[in-house]
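Okay, here's what each chain looks like letter by letter:
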Amino acid sequence: MFDTLIQIDKQLLLAVNGGDSLFMDILIKILTTATTWIPFYFSLLYMVIRNSRNMKDVGLVLLCAALCTLIAGGVDDTIVKPMIGRWRPTHDPEIGYLVDVVNGYRSGKYGFFSAHAANTFSICVFFCLLVRNRIFTSAVVSWSLLNCWTRLYLGVHFPSDIFVGLCWGALTGIGVYYFYRYLTRDTHLMNYRHVDIDVVIGVLVMTLVYAVLKALIH
């Protein structure tokens, strides 16, 4: 049964990996690069500052956001990946030659589980619980899933790597959120203003537009 699941995992990866479009190759490489999303992270900071009572509150949110990535990605990269030792698709002896490698990008040897999925979804879940706005939640979840899809397109993770990364990211985000509530001793949920939430969503949209334009003129 386990071997069958592994084979299904590999076939699913090959079904969604890569394509024949140079534009898509460039676009996905831009979207999977961490620096592309720096404006988005700054927009989250702007939203937090605008809706916090003081700089102590801002510092606590930043601390918890840092904890999300430290726990989600740190546990993965330093403990799980070396311990499990599962090859990335691009290095897998069985299907590595079948994977569509984009611009020579193969990433590291081991891929279980996806740090991209864990990191982005932990941040996503933490901020969704913090802000509690449906439109914001839809936008940030879409951002995280987009990052996950780029990893499949590039062939550097199997679907199961993404799924487990999302689960670990969700658990991390929830845990860090309740840690934040414990630190603040605050049972009152702050109402984030729609105008500040709109800034975050606007920056997300503009980042996507930037990525598309950059890929077109590359």
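What comes next concerns the included structure. (Residues numbered from 1 in each chain as written. Predicted model: local features only at pLDDT ≥ 70, side-chain atom pairs only at ≥ 80, totals over all residues. Heavy atoms only, no water.)

### Considerations on the nonpolar core
Counting residues in each nonpolar core, the largest one holds 53 residues, and the members touching the most others are M47, F126, F127, L130 and F136. In contact with F136, other than residues within four places in its own chain, are L44, M47, F127, C128, V131, I197, V200 and I201. Formed by 5 residues, the second largest nonpolar core is a distinct cluster that contains A72, F112, F113 and A118. (Core = buried A, V, L, I, M, F, W, Y, C linked by side-chain atoms within 4.5 Å. Buried < 20%, exposed > 50% of the residue type's maximum accessible area, 1.4 Å probe, protein only. Contact = heavy atoms within 4.5 Å.)

### Notes on the environment of L129
With respect to the helices and strands, L129 occurs in helix 5 (residues 115-131). A sequence separation of 45 residues divides L129 from I174, and the C-alpha atoms of the two residues are 7.8 Å apart. Here L129 is in contact with I174 and Y177, once residues within four sequence places are set aside. (Helix = DSSP H or I, 4+ residues; strand = E, 2+ residues; numbered from the N terminus.)

### Description of the packing of aromatic side chains
On inspection of all chains with the given rule, the structure shows 10 aromatic pairs. Centre to centre, the rings of Y41 and W143 are 6.2 Å apart; their planes meet at 85°, and the pair counts as edge-to-face. Taken as a pair, Y41 in helix 3 (residues 38-50) and W143 in helix 6 (residues 134-153) lie far apart in primary sequence, 102 residues in all. Note on Y41: relative accessible area 37%, which makes it partly exposed. Taken together, W37, F40, Y41 and W143 form an aromatic cluster joined through their ring pairs. Here the guanidinium or amino end of K29 rests over the ring plane of Y105, the centre of that ring lying 4.5 Å away. (Phe/Tyr/Trp six-rings, centres within 6.5 Å; stacked < 30°, edge-to-face > 60°. Lys NZ or Arg CZ within 6 Å of the ring centre and 35° of its normal.)

### With respect to the side chain of S52
Its location among the elements puts S52 in the loop between helix 3 and helix 4 (55-84). Here the side chain of S52 touches V48 through a polar contact of 2.6 Å, landing on its backbone oxygen. Those residues in contact with S52 that sit more than four places away from it in its chain are D57, V58 and M190. (Polar contact = N/O pair within 3.5 Å; in protein donor to acceptor, adjacent residues only side chain to side chain.)

### Considering helix 2 (residues 22-31)
Along helix 2, the residues classified as buried are D25, I26, L27, I28, I30 and L31. Structurally, helix 2 contributes buried residues whose contacts are with helix 6 and helix 8 (194-217). By the N-cap criterion, in which a side-chain oxygen at the helix start approaches the backbone nitrogen of a residue two or three places on, helix 2 is capped by S21, the distance to F23 being 3.4 Å.

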